[in-house]
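Read off the chains here:
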Amino acid sequence: GDAVNALEDAEACIGLNPSFTKGYSRKGAALHALKRYNDSIAAYESGLEKFPGDQALKNGLESVKKEKDGPSYGGGMSGGMGGGFPGAPGGGLFGPEMMARLAMNPKTRPYLNDEDFMKKIKMIQSDPNALTTMLGDPKIMEAFQVMLGGNVEIKTPDEMKEDMAATKEMKKEAPKKEESKPEPMEEEEDLSDLTPEELEIRENKKKSIKAKENGNALYKSKKFKEALAAYDEAIELDPTSMTFHSNKAAVYLTMKSYDDCIACCLKAVEVGKANMAPYEDRAKAYTRCAKAYQKKKDLDKAIEMCNEAQLECYDKATERMMKTMELERRKAAVLAYQDDEKAEEAKQRGNDHFRAKEW
């Protein structure tokens, strides 16, 4: 989705230039939209450590904390702005999630640093009816349109009541065939505020996805060497994604190159932690690593990797696999104890101790 792409762009910006203020705002807003609240808070706080006076970072941090701690502004879907706007009082319309949407939009992002704009937003949050007095403000109207997902005709509560009355009157009449309306054209994303380096990173990410998809197709066709080359190309284009390393690990596991599989899994986890990849993805890499160790008959390391996976993200299937490994390890220990050569060796040691009177 847009939030995922926005997160990738933001991480790329920060990686390229850690002193780029907007990178932290974009990352926090994208994580907020993905409802990864703790990660979002960490991103905003990381930005504020470098730029303690940045108002956009402060506003973003305040918004995500409010949404994490409880319902935004006490709003619900049953109320309205004097019976007109959904989600009032104040919460649904200009709540934390919608503020995150403003932060991700290149046109409205600068408004969050505008004190006059933010004062008006707070007025609307505390008194939704105040919106009717600001219909002439271009910034407020543009923000309103962005939050509702496009161009929207804004009406006062009285006009909306008139529309409702007209709708009831129309229901009494025979239904008429509606003329087909052309679908609205999607607006092109504004990339004017991106630097040439950011644009290059964005383009490389797109190329890396195509390389990964090519690798997946080659893997399904059992062209393993070609698939590995495609994944290596994806890694070179976007070294911040752990997915490409995980895909390489899957190829090596299929090829029974278990040491290579383990190395790729651990590299995937390393890249994932450095770039705040989802816990589920990191857990999957650990689980695949456990399978490789199991194939090598190193059950101690296999169980260790399962435990690491469960710490990242608990999964019942991984739990069952770990219990199977523990049972397998106990059986191996019993078989080793029943080994004839080891039994004879132990007997000989016992005889030696007896002769030496070492009871």
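Residues numbered from 1 in each chain as written. Predicted model: local features only at pLDDT ≥ 70, side-chain atom pairs only at ≥ 80, totals over all residues. Heavy atoms only, no water.

Peer 1: Residue-level account of helix α15 (residues 299-312), with values.
Peer 2: Counted at 1.5 Å a residue, the expected span for α15 with its 14 residues is 20 Å, and the 20 Å between its end C-alpha atoms agrees. Three or more residues of α15 are buried, namely L299, A302, I303, M305, C306, A309, Q310 and E312. (Helix = DSSP H or I, 4+ residues; strand = E, 2+ residues; numbered from the N terminus. Expected span 1.5 Å × (residues − 1). Buried < 20%, exposed > 50% of the residue type's maximum accessible area, 1.4 Å probe, protein only.)

Peer 1: Break down the packing of helix α2 (residues 21-33) against helix α3 (residues 37-50) for me, citing the residues and quoting the values.
Peer 2: Orientation of α2 relative to α3, taken along the N-to-C sense of each, is 165°, at an axis distance of 8 Å. As the angle between them shows, α2 and α3 are arranged roughly antiparallel. Seen along the crossing, α2 lies across α3 with a hand that is left-handed. Every residue of α3 that contacts α2 at Y24, S25, K27, G28, A29, L31 and H32 is listed here: Y37, D39, S40, A43, Y44, S46, G47 and K50. Here the residues of the contact of α2 with α3 are counted per class, giving six nonpolar, six polar and three charged. (Axes fitted to C-alpha atoms, helices over the stretch in contact; angles between N-to-C directions. Parallel < 35°, antiparallel > 145°, perpendicular 65-115°, else oblique. Left-handed = near helix turned anticlockwise from the far one by under 90°. Contact = heavy atoms within 4.5 Å. Nonpolar A, V, L, I, M, F, W, Y, C, P; charged D, E, K, R; others polar.)

Peer 1: Could you give me a rundown of unusual backbone geometry, with the residues and numbers involved?
Peer 2: Despite not being glycine, K35 shows a phi value in the positive range, around 65°. With respect to the helices and strands, the residue K35 is situated in the loop between α2 and α3. Despite not being glycine, K297 shows a phi value in the positive range, around 70°. If you trace the backbone, K297 turns up in the loop between α14 (279-295) and α15. Overall, the relative accessible area of 64% leaves K297 in the exposed class.

Peer 1: Tell me about the confidence of the model for the protein, and name the residues and values.
Peer 2: Low pLDDT marks stretches whose predicted atomic positions should not be read closely. For the protein, mean pLDDT is 79; residues scoring 70 or higher make up 77% of the total. A low-confidence stretch, residues 72-91 stays under pLDDT 50, and its non-local contacts, those more than four residues away or across chains, total 45 contacts. (pLDDT = per-residue confidence, 0-100.)

Peer 1: I'd like to hear about the layout of surface pockets, residue by residue, with values.
Peer 2: Space inside the second largest pocket adds up to approximately 440 Å³. Where the lining of the second largest pocket is concerned, the elements lending two or more residues are α1 (2-16), α10 (196-220) and α12 (243-254). Of the residues belonging to the lining of the second largest pocket, the class tally is nine nonpolar, five polar and seven charged. (1 Å grid on protein atoms, 1.4 Å probe; cavity = no way out; pocket = protein on both sides within 12 Å on 5 of 7 lines; lining within 4 Å. Points joined across faces, edges and corners; volume = space filled by probe spheres on them.)

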